[in-house]
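# Inside the fold
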Amino acid sequence: MKQKIIVNTLMFIFMLLFISFFQNVFGVSNKMVGITVLIIGLGICEKDLTYNLGLLVVRLLCFLLAMGIFSYLSLLNPILGFILNFSFIFYATYAMVEGNKKPYHFPFVLGYLFLIFLSPSAPTDLPGRLIALIGGAFLIVGLQWLFNHKTYDKVLNSRLDQVLNQLIHRLERLLAKDSGSCEEEVHALKASMGRFMKAIYERFGTNGSFNKEGVEQVTHMVAYEKMYYLLDEVAKDYEAGLIDDETIEDLIVFIKEHRGGHHAYSGVSMFDQGATSVKELKQVLLVLQTAERDEYSHDQRTLWEQFLKPIDRESYAFKFAMRLSILLSVCLFISQLFGLSYGRWLCFTIAALVQPDAESSHKKTIERLIGTGVGATIFVALITIFKEESQQMIIVLLSSYIGMYMNRYDFKMIFITIQALGGALLTATGSIVIGNRLFYIVVGAVIAYLGNKWLFPIRRKDIKEHYIDLYEQQKNHLIKTPQNNPHEAIVDAYHYLEMGKLEDEKYSEWLDVSFEALVRAQS
């Protein structure tokens, strides 16, 4: 708990300093731009996007400039606004959901709504706003580098070391006459592979382009883990007396050399002698050699191909993006057409409650309503006691800080409600603010519920079936045409298993198919 308090406090201070720095550099009128940049920067820091920072800069510039221009033009005319709002929300949502286990669209959509409702730009301020957004793109890249520039190497090295250590431990247990498989080791190997594949996918899969380094790393992880399971047969032959202690010791030396980075293949002859189970391990060696010689195919995609990817109309990301963009665009249109002073809370509610699958949306709707009700009640009690404006500002600040410790959405909503009502109280009376917030949140919750149920509906079983189909496509590719970019197919296949939450039931099949594809791709 002490560590969490320190981390959250430092993060809170960092956020305040960042916003202060941003408004000092780009002007007070762009304070909300700074908040938007910070939200996006921290929101995507969970992903390692440092592989191609140049491409990341281009993408962020396009997103942020579109955000600034569209948010300005959308306020000029409701019909024009509907078209622009739909376009931005759809593309931002689709791009940040497709291929990601966790959706990352919310910071971009929320930032867009902030610029429309909380900080609309005057014509004379637009150039300065665009400059601030350009600066923001580079600051986001800076945050990405700060948090993630060591993540990739750290994850890959630690996971590969863990697999090699497990191999050594397994062989040492054999020498100690303990030949049984260890459930803890198997579980640890699967967990290591999951974290490894996540890092690889974020580095290469999202860019759709593998290099020699990525090919070697995927090959090492798949080959060594397959080797661990091949040791089951080695253990049987060792118990039967078909393998002696010297062979096991030679295997341990071989693995230790590889763990130290010395990929010596002079001992290859030991794989050609003795029991059949040992001879089968030779395939692991040949696969590793093929990767080191860069003999596997791996196409390099152009910058244009990496930047623009076709939209998959069958994906759940497309359906979700359509649902969210339609609902939000219509509510933005109505808010603008009728000049709804508190229409922002309607839109914020829909942005938060419209989730990819219906089950998550319904759960979040209930939690938001409960949190809002409790938060409004606490807020009324607080402003009854603390009536001075300075005291109420402290309440807003404290609610922002305490909310950082809340993991449950309903608890977090309590403090978000207090913070939002406290901020709005500065320009209106308490009863008007509370009444409007409760009204628009309830209306937004109803709209979100109906939209999730009837407009491009998605259920968890639909998502699972979609990713099963995608996994089967990649599996068939590995079986039928392993010579064509096998590593990309291996990583994609695992990613689809993870997205469909099928790792446990399909893991062994995936590993067998992947290793066999690497073996066959040598010829």
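Before reading on, note that the structure itself is shown above.
Residues numbered from 1 in each chain as written. Predicted model: local features only at pLDDT ≥ 70, side-chain atom pairs only at ≥ 80, totals over all residues. Heavy atoms only, no water.

### Side note on the overall build of the protein chain
Scanning the protein chain from terminus to terminus reveals 22 helices and 0 strands. Across the 523 residues in the protein chain, those meeting the buried criterion constitute 50%. Taking contacts inside the protein chain between residues at least 6 apart in sequence as the whole, the part at least 24 apart equals 79%. Of the roughly 24000 Å² that the protein chain leaves accessible, carbon and sulfur atoms contribute 61%. (Helix = DSSP H or I, 4+ residues; strand = E, 2+ residues; numbered from the N terminus. Buried < 20%, exposed > 50% of the residue type's maximum accessible area, 1.4 Å probe, protein only. Contact = heavy atoms within 4.5 Å. Areas by Shrake-Rupley, 256 points an atom, 1.4 Å probe, with all protein chains shown as cover.)

### Points about the packing of aromatic side chains
Each aromatic ring pair is specified by the distance between its two centres and by the angle formed by the two planes. Using the criterion set out here, one finds 20 aromatic pairs in the structure. Taken together, a centroid distance of 6.5 Å and an interplanar angle of 85° make the contact between Tyr494 and Tyr507 edge-to-face. Of this pair, Tyr494 sits in helix H21 (residues 486-499) while Tyr507 sits in helix H22 (residues 503-520), placing them 13 residues apart in sequence. Looking at Tyr507, the relative accessible area reads 2%, which means it is buried. An aromatic cluster of at least three residues, connected via ring pairs, comprises Phe14, Phe18, Phe22 and Phe26. Above the face of the Tyr228 ring, Arg170 is positioned so that its terminal group lies 5.1 Å from the ring centre. (Phe/Tyr/Trp six-rings, centres within 6.5 Å; stacked < 30°, edge-to-face > 60°. Lys NZ or Arg CZ within 6 Å of the ring centre and 35° of its normal.)

### Focus: a negative patch on the surface
Taken together, Asp244, Asp245, Glu246, Glu249 and Asp250 make up a surface patch of like negative charges. Inspection of the secondary structure assignment puts Asp250 in helix H10 (residues 245-259). On the basis of relative accessible area, Asp250 is assigned to the partly exposed category, the value being 32%. (Patch = residues over 30% accessible without salt bridge, like charges linked within 9 Å, V, L, I, M, F, W, Y side chains within 5 Å. Salt bridge = Lys/Arg side-chain N within 4 Å of Asp/Glu carboxyl O. Lys, Arg positive; Asp, Glu negative; His and termini not counted. Charge placed at Lys NZ, Arg CZ, Asp CG, Glu CD.)

### Let's talk about helix H20 (residues 460-480)
Compared with the 30 Å implied by 1.5 Å per residue over 21 residues, the 30 Å span of H20 between its first and last C-alpha is a close match. Along H20, the positions that sit buried rather than exposed are Ile463, His466, Tyr467, Leu470, Tyr471, Gln474, Lys475 and Leu478. (Expected span 1.5 Å × (residues − 1).)

### What about the nonpolar core?
Residues Phe108, Met197, Ile200, Val222, Ile248, Leu328 and Trp510 are the most contacted members of the largest nonpolar core, which totals 146 residues. Residues within four places of Leu328 in sequence aside, it is in contact with Ile89, Val109, Leu113, Cys347, Ile350 and Ala351. (Core = buried A, V, L, I, M, F, W, Y, C linked by side-chain atoms within 4.5 Å.)

### Overview of H21
With 14 residues, H21 ought to run about 20 Å at 1.5 Å a step, and its terminal C-alpha atoms sit 20 Å apart, in line with that. When you tally the buried positions in H21, you get 14 out of 14 residues, the bulk of the element. Among the residues trailing H21, Lys501 stands out with phi positive, at a value near 55°.

### Comments concerning the packing of helix H4 (residues 78-97) against helix H5 (residues 106-118)
Close contact between H4 and H5 brings their axes to 9 Å; oriented N to C, the two are set at 155°. Relative to H5, H4 is oriented roughly antiparallel. Residue-level contacts link Leu84, Asn85, Phe88, Ile89, Ala92, Thr93 and Met96 of H4 to Phe108, Val109, Tyr112 and Ile116 of H5. A class-by-class count of the residues in the contact of H4 with H5 yields 9 nonpolar, 2 polar and no charged. (Axes fitted to C-alpha atoms, helices over the stretch in contact; angles between N-to-C directions. Parallel < 35°, antiparallel > 145°, perpendicular 65-115°, else oblique. Nonpolar A, V, L, I, M, F, W, Y, C, P; charged D, E, K, R; others polar.)

### Regarding the state of the cysteines
All chains considered together, the criterion is met by 0 disulfides. A disulfide-free cysteine, Cys347 has its sulfur positioned 5.4 Å from the sulfur of Cys331, the nearest such atom. (Disulfide = S-S within 2.5 Å.)

### Points about unusual backbone geometry
One non-glycine residue, Phe456, lies in the positive phi region at around 45°. Mapped onto the elements of the fold, Phe456 is located in the loop between helix H19 (430-454) and H20. Classification of Phe456 as partly exposed rests on a relative accessible area of 30%. Backbone geometry places Asn485, a non-glycine residue, at a positive phi of 50°. With respect to the helices and strands, the residue Asn485 is situated in the loop between H20 and H21. Residue Asn485 is classed as buried on the basis of its relative accessible area of 16%.

### A few points about the side chain of Gln144
As for its position among the elements, Gln144 is in helix H6 (residues 126-148). Among all residues touching Gln144, those that are not within four sequence positions of it are Ile44, Cys45, Lys47, Asp48, Leu49, Thr50, Leu56 and His149.

### Thoughts on the packing of helix H2 (residues 31-43) against H6
When two helices pack together, their arrangement is captured by the angle between the axes and the distance separating the axes. Contact pair H2 / H6: the axes reach a minimum separation of 9 Å and the direction vectors enclose 30°. Considering their axes alone, H2 and H6 lie roughly parallel with respect to each other. In the packing of H2 onto H6, the handedness of the crossing is right-handed. Residues Val33, Val37, Ile40, Gly41 and Leu42 of H2 lie in contact with H6, whose contacting residues are Arg129, Ala132, Leu133, Gly136, Leu139, Ile140, Leu143 and Phe147. (Left-handed = near helix turned anticlockwise from the far one by under 90°.)

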